[in-house]
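Single-letter residue listing:
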There are 2 protein chains.
Amino acid sequence: MITHLPLCSIKNPQKVLVIGGGDGGVLREVARHKSVKQIDICEIDQMVIDVAKKFFPHIAVGFDDPRVKLFVGDGAQFLKGVPDGFYDAVIVDSSDPIGPAKQLFETPFFESLARVLCPGGVVCTQAESLWLHMHIIKDIFTSCKKTFKGSVNYAWTSVPSYPSGIIGFMLCSTEGPPVNFHEPINPIEKAVTDMNCRPLKFYNSEMHSAAFCLPQFAREALDL
Amino acid sequence: MITHLPLCSIKNPQKVLVIGGGDGGVLREVARHKSVKQIDICEIDQMVIDVAKKFFPHIAVGFDDPRVKLFVGDGAQFLKGVPDGFYDAVIVDSSDPIGPAKQLFETPFFESLARVLCPGGVVCTQAESLWLHMHIIKDIFTSCKKTFKGSVNYAWTSVPSYPSGIIGFMLCSTEGPPVNFHEPINPIEKAVTDMNCRPLKFYNSEMHSAAFCLPQFAREALDL
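Remember, it's a predicted structure, so these values are computed and weren't measured experimentally.

Peer 1: Help me out: how do you make sense of the overall build of chain A in this one?
Peer 2: From N to C terminus, chain A includes ten helices and seven strands. Taken over the C-alpha trace, chain A has a radius of gyration of 16 Å; the compact-globule value for 224 residues is 17 Å, and the two agree within 12%. Overall, chain A is about 45 × 35 × 35 Å in size when its C-alpha atoms are taken along their principal axes. Per-residue burial over chain A gives 57% buried out of 224 residues. For chain A, contacts bridging at least 24 residues in sequence account for 73% of all contacts bridging at least 6. Element-wise, carbon and sulfur atoms account for 57% of the exposed surface of chain A, whose accessible area totals about 9,800 Å². With 21 positive and 24 negative side-chain charges, chain A shows a separation of 5 Å between the mean positions of the two kinds.

Set out below in C-alpha cells:
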C-alpha cells in the first residue's frame, strides 16, 4: 500500500526515491511500475539491508532490479543534495517518530520533500496508527497542510503484525496538476499484466479508494 | 459495524433479533435506530450478561432500552419457535466456530435464519478474520450463497483487540426487494441527530461502503 497508493495516483511516475525501506519490500513493489526509470533508495542502516538479504530474500529481491541505486545514509541529509523538482514520487518507509526517525516527522523534513518533488509529484510517508497515535497524526497532518501546496490526505490499512493491527500513510501532492489520491488513475493491475510480474496479494484499486475512508473519530480529529 | 451494516442497509427495520451479544453492545447500537419497535436478544450465557452489567456498564446499558426483551438460551433452539418471516433483521454476534458456537456457522442454522426473515430482511453474522480464517469464510460464504435467495456479501473492519486486528461479517438478504448492502440507504447519522443519542465514534456511511472492499487474496478466494 505505501508504494501503490502514491504511484497509482499519478500518470507516469519515472523517478522515485525511497527513504528507509531497507528490507527491499518497497523497492520490489516500485519495480512493478513499468514507467519508472530510476529508483533511488536512501537507507540509514546497512545492517537492515544485510539481514533482509540473508533472512528475507523474497522481500530483499527488490534490490536486484537494475533501476535501483542504493545510498546508505541519513535521508534528511540525502535530500539536501537533491536538485529542486527532481522526483516524481518520494516514499518514506520509516520507523516510529522516536529516536533516529524523529526528524522524518517534522516540518523541515516535509519542506525538503516538497522541494525535491516535480510539479504534480507526490509523497507518501508512514503515518502511524489511528488507534494509538491520533495526536501524532494530527501534528503530521497540520504540518503537511502548511508545507504541501497540493492536497494532503490520510489513508490506512490492515497489517496484523503492527501494533493495533493497522498502519497509516500521509499522501501529499505539490503544486502543479492536482492529484486525486482517492481514485487511482494508473491502475497497477494493468502494470502487473504488462510486466508479467507475480500477482498482487493485497492491493487492488478498490482497496486503494477504501484506504481513504476514515472512522468518525479520525474525521473529527482531522476536521474532515 | 455488526449492527449498522445490516440496519443501515434497509429502509425501515422494525423487528430485530440479536443472537449472542450478551455484553449489550449490539443492543445499544440497535437502539439508535428510531424505526425499531422490538429488539429480542437470545444469549446462551447469563454470566456474560451479569459480568457485562457489573464491569462494562457503558456497554451493558443496551439492556436498559424498553424495546429489549431478553431470552437466555440457545439461539438455534430459539429460532425454532419463531414464526416464518417474523424479523426484519437478525444479528448474530457469536464467538468462534469451535465449541458451543459451532452450529452457528453451519447450513441448518443459516436455513433457520433465512426462514425467520421477512421479505427484504437481512442477516449479519460474525464471520471471522480474512488473515486467519479464509477457509472458514469460504465455507460460510458457500453455505450462505446456497441458503439465502437475495445477495451474500463479505465485509470487514479493524478491531485492534481481536486476533490479527480485524473481524469480518457475512451480510445476507432473503427474497423480496433486493438489498444493496454496499450503499447505506438508511444513514445512521440522521438517526443519531433525530434521537439525540451520543455521537458515533467509529461507524459512518463512508466506512460502511469501504467495509465491502476486499484485499486481492480474499476476492480470489471468494471468486469475486
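Peer 1: Honestly, the environment of Pro163 of chain B in this entry has me stumped. Any pointers?
Peer 2: Residues and elements named next belong to chain B. Relative to the elements of secondary structure, Pro163 occurs in the loop between strand E6 (152–158) and strand E7 (166–173). Residues Pro163 and Lys102, spaced 61 residues apart in sequence, show a C-alpha to C-alpha distance of 18 Å. Contacts of Pro163, omitting those with residues within four sequence positions, involve Ser129 and Leu132.

Peer 1: Looking at this model, I keep getting lost on the sheet that holds strand E4 (residues 87–93) of chain A. Mind explaining?
Peer 2: Strand pairing in a sheet relies on backbone hydrogen bonds. The paired strands run either parallel or antiparallel. Residues and elements named next belong to chain A. With respect to topology, seven strands assemble into an open sheet ordered E3-E2-E1-E4-E5-E7-E6, the strand pairing being mixed. Taken across any chain shown, the strands that pair with only one partner, and hence form the sheet edges, are strand E3 (68–72) and strand E6 (152–158). On average, each strand axis in the sheet is inclined to that of its neighbour by 15°, with strand direction left out of account. Packed on one face of the sheet, helix H7 (residues 134–147) meets E6 and strand E7 (166–173) and runs near 10° to E7.

Peer 1: Can you walk me through the relation of the copies chain A and chain B in this structure?
Peer 2: In this structure, two copies of a chain are linked by a rotation about an axis accompanied by a shift along it. Least-squares fitting of chain A to chain B yields an RMSD of 0.0 Å, with the superposition described by an axial translation of 0.0 Å and a rotation of 180°. Such values leave the two copies arranged in the relation of a two-fold axis. Looking at chain A, 100% of its interface residues are interface residues in chain B too, so the copies touch through the same face.

Peer 1: Just checking my understanding: could you explain the UniProt feature "active site" (unreviewed entry) in chain A for this structure?
Peer 2: All names here are of chain A. This chain's UniProt record puts "active site" (unreviewed entry) on Asp93. Tracing the backbone through its elements, the reader meets Asp93 in strand E4. Excluding residues within four positions of it along the chain, Asp93 makes contact with Ile2, Ile19, Gly20, Gly21 and Val26.

Peer 1: Would you take a moment to explain the packing of helix H6 (residues 107–116) of chain A against H7 of chain A for this structure?
Peer 2: Relative orientation and spacing of two packed helices are given, respectively, by the angle between their axes and the distance between those axes. Residues and elements named next belong to chain A. Put simply, H6 and H7 touch, their axes get as near as 10 Å, and they point 40° apart. Here H6 lies oblique to H7, going by the angle between them. Handedness of the crossing formed by H6 with H7: right-handed. Residue-level inspection shows Thr107, Phe110, Glu111 and Ala114 of H6 in contact with H7, the latter providing Ile140, Ser143, Cys144 and Thr147. Residues belonging to the contact of H6 with H7 are distributed by class as follows: four nonpolar, three polar and one charged.

Peer 1: Would you explain the interface of chain A and chain B in this entry?
Peer 2: Interface size is commonly expressed as the accessible surface area that is lost when the partners come together. Between chain A and chain B, the contact holds 22 residues from the first and 22 residues from the second. Taking both partners together, chain A and chain B bury about 1,800 Å²; carbon and sulfur atoms supply 62% of that area. Glu206 of chain B serves as the salt-bridge partner of Arg219 of chain A, at 3.8 Å between the closest nitrogen and oxygen. Run the count over chain A and chain B and you get twelve residue pairs in polar contact (both at pLDDT 80 or more). Elements represented by at least two residues in the side of chain A that touches chain B include exactly E6, helix H9 (205–210) and helix H10 (216–221) of chain A. Counted by class, the side of chain A that touches chain B contains 14 nonpolar, five polar and three charged residues.

So, how was this worked out
- Residues numbered from 1 in each chain as written.
- Chains lettered and ligands numbered in written order.
- Predicted model: local features only at pLDDT ≥ 70, side-chain atom pairs only at ≥ 80, totals over all residues.
- Heavy atoms only, no water.
- Helix = DSSP H or I, 4+ residues; strand = E, 2+ residues; numbered from the N terminus.
- Rg over C-alpha atoms; globule rule 2.2 N^0.38 Å.
- Buried < 20%, exposed > 50% of the residue type's maximum accessible area, 1.4 Å probe, protein only.
- Contact = heavy atoms within 4.5 Å.
- Areas by Shrake-Rupley, 256 points an atom, 1.4 Å probe, with all protein chains shown as cover.
- Lys, Arg positive; Asp, Glu negative; His and termini not counted.
- Charge placed at Lys NZ, Arg CZ, Asp CG, Glu CD.
- Pairing = 2+ DSSP bridges.
- Axes fitted to C-alpha atoms, helices over the stretch in contact; angles between N-to-C directions.
- Least-squares fit on C-alpha atoms with pLDDT ≥ 70 in both.
- UniProt positions renumbered as here; feature names shortened; annotations may be inferred.
- Parallel < 35°, antiparallel > 145°, perpendicular 65-115°, else oblique.
- Left-handed = near helix turned anticlockwise from the far one by under 90°.
- Nonpolar A, V, L, I, M, F, W, Y, C, P; charged D, E, K, R; others polar.
- Buried area = accessible area lost by both parts, 1.4 Å probe.
- Salt bridge = Lys/Arg side-chain N within 4 Å of Asp/Glu carboxyl O.
- Polar contact = N/O pair within 3.5 Å; in protein donor to acceptor, adjacent residues only side chain to side chain.

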